[in-house]
Amino acid sequence: MKVQMQVNGKSVNIEAPENTLLVQALREHLKLTGTHVGCDTAQCGACTVHVNGRAVKSCNMLLAQAQGSEVTTIEGMAQADGTMHPMQASFKECHGLQCGFCTPGMVMSAVDICKNYPNASAIEIRELLEGNLCRCTGYQNIVKAVQHGAAAMKA
């Protein structure tokens, strides 16, 4: 099966078996390894990417479902000159990470949250991040990073 889509602003064609997951195509065919595979069952959120502007868990989506879509991975969040996206910078500034395994998915989900709930409270952010698991931080600094990132995205 052949699939055409835009990934991080570039047109790509991927030829892969029909049962190929989007996360596999991104990591194995395009070598975009910032999208992590944690649980492989859509429970942890480490594989979160944006498809047509919405956060989705790429381990729960077939490559074929992305036909003609615009996909953005964590690698596509920074500007061309390497300047981090405001949410990436906020995770760094607010120490919203420890081991970093969950961070790409957290950042992708956080950006989606800020677009859809720009004035979310700390409690709401915790609820909205429910599908993203972190085993290191306790979430306090992640919530702080999302709030800081939301303010930076508005500026």
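Our subject is the structure listed above.
The text that follows walks through the structure, step by step, so that each part is easy to find. (Residues numbered from 1 in each chain as written. Predicted model: local features only at pLDDT ≥ 70, side-chain atom pairs only at ≥ 80, totals over all residues. Heavy atoms only, no water.)

1. A few points about the pairing of strand E4 (residues 54-57)
Moving on, step 1. Where strand E3 (residues 48-51) meets E4, four bridges bridge the pair, whose relative direction is antiparallel. Looking across to E4, one finds that Val49 is bridged to Val56.
Moving on, step 2. Between E3 and the antiparallel strand that follows it, E4, lie two residues; Asn52 among them carries a positive phi value of about 50°. (Pairing = 2+ DSSP bridges. Helix = DSSP H or I, 4+ residues; strand = E, 2+ residues; numbered from the N terminus.)

2. A short note on the packing of helix H3 (residues 103-116) against helix H5 (residues 140-154)
Moving on, step 1. Where H3 contacts H5, the axes come no closer than 10 Å and their chain directions differ by 50°. If you check the angle between H3 and H5, you find them oblique. Handedness of the crossing formed by H3 with H5: right-handed. Two secondary-structure elements touch here, H3 through Met106, Ala110, Val111, Cys114 and Lys115 and H5 through Ile142, Val146, Ala150 and Met153.
Moving on, step 2. Considered class by class, the residues forming the contact of H3 with H5 number eight nonpolar, no polar and one charged. (Axes fitted to C-alpha atoms, helices over the stretch in contact; angles between N-to-C directions. Parallel < 35°, antiparallel > 145°, perpendicular 65-115°, else oblique. Left-handed = near helix turned anticlockwise from the far one by under 90°. Contact = heavy atoms within 4.5 Å. Nonpolar A, V, L, I, M, F, W, Y, C, P; charged D, E, K, R; others polar.)

3. Comments concerning the sheet that holds strand E5 (residues 70-72)
Moving on, step 1. Taken together, five strands build an open sheet; the order of strands is E2-E1-E5-E3-E4 and the sheet is mixed. Where the open sheet ends on each side, the last strands, each with one partner, are strand E2 (10-15) and E4. Pairs of neighbouring strands in the sheet enclose a mean axial angle of 40°, with direction left out of account.
Moving on, step 2. Sitting on the sheet, H3 touches E3, E4 and E5, and the angle it makes with E3 is about 40°.

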